[in-house]
Every structure is written in C-alpha cells, then in structure tokens.
Amino acid sequence: PGPGFKLRLSVLRLDLDPLSLQHAETKIDSWQLKLQLADVALAPRERRLVADVVVRGNDARPALSLLGLHNLPRGADNFLAMADLRVFGHVELAPEWQSLSIARAESKTIDVRGRFVRRNANSHAALLFKAAPLSLGVAVKPSDTSFKLFAGDAWLDTQLSALAVAVPEEVSPPESAR
C-alpha cells in the first residue's frame, strides 16, 4: 500500500472460541477460529484495509463475514464450512470494494485457489476446487454462475485474467494522500 495509509501493523491475531455471530447475512451459533492479518495497512478516514490473511478453523465463513465478504457462491460457501480449513490469501476492504485473493485454501479433502471480488453490489469470482482425482471450476459474474468439471490451472488462469479485466484493481490512493 502506498501513501495515505495512516496505520500499519505487522501482525494482528484473533483467537475466537467459542463465539456466536448474528448478522443480517450470517448466523453461526458456535464457532472456533484463528484469524491472522499480516502487513496490515489501514486508512481510517476512507475505511480502507489491506492485509495478508491466514484463517484457520472449523468454519471460515464467519471470518469472511467479519471481513465484509458476504454471499459467497454456493460451492465456495459449502467448501468454507468444512472442518480443519486453512485459508492463505490477501484481503482488500473498502466500503465499495471487497477482494479476497486465495493463494491456497486446504482442508483434509479439498484444496482451492482463486479470487472473490465485490464492487458495490456486484460479485465476481474465479475459484478452482480440487479433490483428487476430481476438480471443479466456478466462475461467478453478476448475471450468472458457470461451472467447469475437470477444470485445471490453465482454466483458472484464464478466468483470473478475465476477472482482472471485468473488475480492475482499486489503484487510486486514499483521499488523505491527495
């Protein structure tokens, strides 16, 4: 992150056990989670946060909800409810923009890579789920969701490139830097 980010933290860890979470879009009665944010940059005036993230727990959906990522695609939502899930990625949050890049997410049975982006009310995603010997690609656009059985890394690369064109990165610095 560039100029305008007023607060920087090297590491922020939250260990939550047990916790109940009720939100308009999320309801979880009992939850265990370890959330670690690293290289955190925060621009409070613009309500903007950028960080590397590691989520470990019996259900990652509440952590993503707390990070402002709601209404994940159905396949991704079910995957993130799996036990012993670990998600390694990068998150960018602002009122009109939420992005989660998943470098690697894994449980005992499934691995996933990809990216989820929401700009205003429009969700976009490109996710590749692998459970040997099967794989499933999920592409989400505001108008529809498509699935590709036996998708591979080349499929994911193509979808991530299309997503980058459809939803360009937020590159403007926060207002306080201007």
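Quick summary incoming for the structure in this document. (Residues numbered from 1 in each chain as written. Predicted model: local features only at pLDDT ≥ 70, side-chain atom pairs only at ≥ 80, totals over all residues. Heavy atoms only, no water.)

1. Observations concerning the packing of aromatic side chains
Scanning the entire structure with this criterion turns up zero aromatic pairs. For R104, the ring lying beneath its charged end belongs to F88, and the centroid distance is 4.3 Å. (Phe/Tyr/Trp six-rings, centres within 6.5 Å; stacked < 30°, edge-to-face > 60°. Lys NZ or Arg CZ within 6 Å of the ring centre and 35° of its normal.)

2. Observations concerning helix α3 (residues 153–166)
Given a rise of 1.5 Å per residue, 14 residues ought to cover 20 Å, and the 20 Å separating the end C-alpha atoms of α3 matches this to within 8%. Where α3 is buried, its residues touch β8 (111–119), β9 (122–131), β10 (134–140) and β11 (145–149). (Helix = DSSP H or I, 4+ residues; strand = E, 2+ residues; numbered from the N terminus. Expected span 1.5 Å × (residues − 1). Contact = heavy atoms within 4.5 Å.)

3. Describing the environment of L37
Of note, L37 is situated in strand β4 (residues 33–43). Accessibility expressed as a relative area gives 7% for L37, which makes it buried. Through-space distance from the C-alpha of L37 to that of V55 is 8.7 Å; in sequence the pair is 18 residues apart. When near neighbours in sequence (up to four residues on either side) are disregarded, L37 contacts S10, V11, L12, A51, D52, V53 and V91. (Buried < 20%, exposed > 50% of the residue type's maximum accessible area, 1.4 Å probe, protein only.)

4. Some remarks on the pairing of β8
Of the pairings in the sheet, the one linking strand β7 (residues 97–106) to β8 comprises eight bridges and is antiparallel in character. Opposite S101, over in β8, you have R115 as the bridge partner. The loop that links β7 with its antiparallel partner β8 comprises four residues. Two strands pair when backbone bridges link them, and β8 and β9 are joined in this way by nine bridges, in the antiparallel orientation. Looking at β9, one finds that R118 is bridged to S123. (Pairing = 2+ DSSP bridges.)

5. Considerations on the environment of D111
Relative to the assigned elements, D111 resides in strand β8. Classification of D111 by relative accessible area gives partly exposed; the value is 38%. Through-space distance from the C-alpha of D111 to that of R86 is 9.5 Å; in sequence the pair is 25 residues apart. Beyond its immediate sequence surroundings of up to four residues, D111 is in contact with A105, E106, L128, F129 and K130.

6. Quick notes on the pattern of salt bridges
Opposite charge on two side chains makes pairing possible when the charged atoms of those side chains draw close. Here the structure, examined in full by the defined rule, presents five salt bridges. A salt bridge links D153 to R113; its shortest N-O distance comes to 2.9 Å. One end of the pair, D153, is in helix α3; the other, R113, is in strand β8, with 40 residues separating them in the sequence. For D153, a relative accessible area of 38% gives the class partly exposed. On the basis of relative accessibility, which here comes to 31%, the residue R113 falls in the partly exposed class. Each member of the salt-bridge network shares a partner with another, and the members are R86, R104 and E106. (Salt bridge = Lys/Arg side-chain N within 4 Å of Asp/Glu carboxyl O.)

7. Concerning the sheet that holds strand β6 (residues 85–94)
Taken together, nine strands build an open sheet; the order of strands is β1-β4-β5-β6-β7-β8-β9-β10-β11 and the sheet is antiparallel. In this open sheet, the two strands that pair with only one neighbour each are β1 (7–16) and β11. The mean inter-strand angle of the sheet, taken between neighbouring strand axes irrespective of direction, is 10 degrees. As defined by bridge partners, β6 adjoins β7 across nine bridges and the pair is classed as antiparallel. The residue bridging F88 from the neighbouring strand is R104, located in β7. Each of β8, β9, β10 and β11 touches α3; the most contacted strand, β9, lies at about 170 degrees to it. (Axes fitted to C-alpha atoms, helices over the stretch in contact; angles between N-to-C directions.)

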